[in-house]
Amino acid sequence: MGPQGAGKGTQAARLAEVFGIVPISTGDIFRANIAGKTELGQTAQEYTNKGELVPDEVTNAMVRDRLGQADVKNGFILDGYPRNAAQVTELDQILADLGWELDGVIELTADRDELLARIARRAEQEGREDDTEEAIARRLDIYAEQTAPLTAAYGERNLLVRVDGLGEISDVTDRIVASLATQLG
């Protein structure tokens, strides 16, 4: 977990490699379902075509389906899910249905000004028109309002590891691995 620009996708991929587990990004799940023309993908595309957020029930169904696939049996790391309290509840149910429990939750932290600068650089490098200064600021506000409170709940469950997301990519990975080792024992 962490605000946009904190390096979640980058670190999820690196951690998946370190631990030999599957990285699962909701964005990748959406794209795979849309490309595969699944019923859930077609539903998701209807919302994205209108510029709307995909409703929780569609996102939850896609995550449930993905976590039921054979390649995740040895472990996985979620990137971009859960994003709100309803998704936390659904993830708890999905995991219970599969007989699994969360081992830990990583929150990457970063200074808001640095996040704004990172995302602006990414937008320029990748030509991402959706990363305007106003859009970036709004997404960071949405994170603070909806997603950041989830970290408090995971903290109460003693699952949360907070790691500074700033610095060299490999240094951040090393900090996460060390924090997880402490958390998981």
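Note that Leu140 resides in helix α7 (residues 133–156). Using a relative accessible area of 5% as the deciding quantity, one classes Leu140 as buried. Between the C-alpha atoms of Leu140 and Leu116, which are 24 residues apart in sequence, the distance is 8.8 Å. Excluding anything up to four places from it in sequence, Leu140 contacts Pro3, Gln4, Arg112, Leu115 and Leu116.

In this section: helix α2 (residues 26–35). All of the buried residues in α2 are Thr26, Gly27, Ile29, Phe30 and Asn33. Summarising the axial view, the buried residues of α2 lie within an arc of 160°, below the 170-degree limit, and thus occupy one face. Those residues of α2 that are exposed and aimed more than 90 degrees away from the buried face are Arg31 and Ala35. Those residues of α2 that are buried are in contact with β1 (22–25), α3 (39–49), α4 (56–67) and β2 (76–79). Lys37 occupies a position one or two residues after α2 and carries a positive phi of about 55°.

Every regular strand shows the same layout, with side chains that alternate between the two sheet faces. By the alternation rule, side chains of β2 split into Phe76 and Leu78 and Ile77 and Asp79, which are all buried. Looking at chain direction, β1 and β2 are connected through four bridges and run parallel. From the neighbouring strand, Val22 faces β2, where its bridge partner is Phe76.

Residue placement: Arg66 occurs in helix α4. A relative accessible area of 15% places Arg66 in the buried class. Here the side chain of Arg66 touches Asp71 through a polar contact of 2.7 Å, side chain to side chain. Those residues within four positions of Arg66 in sequence are excluded, and the remaining contacts are Val22, Ile24, Ile29, Asp71 and Val72.

The tally for this structure, following the rule as stated, stands at one aromatic pair. Considering the side-chain rings of Phe76 and Trp100, the 5.6 Å spacing of their centres and the 40° angle between planes classify their relative orientation as tilted. Note that Phe76 is positioned in strand β2 and Trp100 in the loop between α5 (85–98) and β3 (105–109), a separation of 24 residues in sequence. Taking the relative accessible area as the measure of exposure, Trp100 reaches 23% and is therefore partly exposed.

Right, let's talk about helix α1 (residues 8–19) for a bit. Between the first and last C-alpha of α1 there are 16 Å, a value that for twelve residues agrees with the 16 Å anticipated at 1.5 Å per step. Every buried residue of α1 is accounted for by Lys8, Gln11, Ala12, Leu15 and Ala16. Looking straight down α1, one finds its buried side chains confined to an arc of 140°; they lie on one side. Packed against the buried residues of α1 are β1, β2, β3 and α8 (169–184). Downstream of α1 by one or two residues, Gly20 has phi in the positive range, about 65°.

The next thing to look at is the pattern of salt bridges. A side chain of one charge can pair with a side chain of the opposite charge if their charged atoms are brought near each other. Within this structure, the stated rule accounts for ten salt bridges. Between Asp28 and Arg31 there is a salt bridge whose closest N-O contact spans 2.7 Å. Taken together, the positions of Asp28 and Arg31, both in helix α2 and three residues apart, correspond to about one turn of that helix. Judged by relative accessible area, which is 53%, Arg31 ranks as exposed. One salt bridge in this structure joins Glu114 and Arg118, with 3.9 Å as the shortest N-O distance.

Scoring rules and cut-offs
Residues numbered from 1 in each chain as written. Predicted model: local features only at pLDDT ≥ 70, side-chain atom pairs only at ≥ 80, totals over all residues. Heavy atoms only, no water. Helix = DSSP H or I, 4+ residues; strand = E, 2+ residues; numbered from the N terminus. Buried < 20%, exposed > 50% of the residue type's maximum accessible area, 1.4 Å probe, protein only. Contact = heavy atoms within 4.5 Å. Arc of directions from axis to C-beta. Pairing = 2+ DSSP bridges. Polar contact = N/O pair within 3.5 Å; in protein donor to acceptor, adjacent residues only side chain to side chain. Phe/Tyr/Trp six-rings, centres within 6.5 Å; stacked < 30°, edge-to-face > 60°. Expected span 1.5 Å × (residues − 1). Salt bridge = Lys/Arg side-chain N within 4 Å of Asp/Glu carboxyl O.

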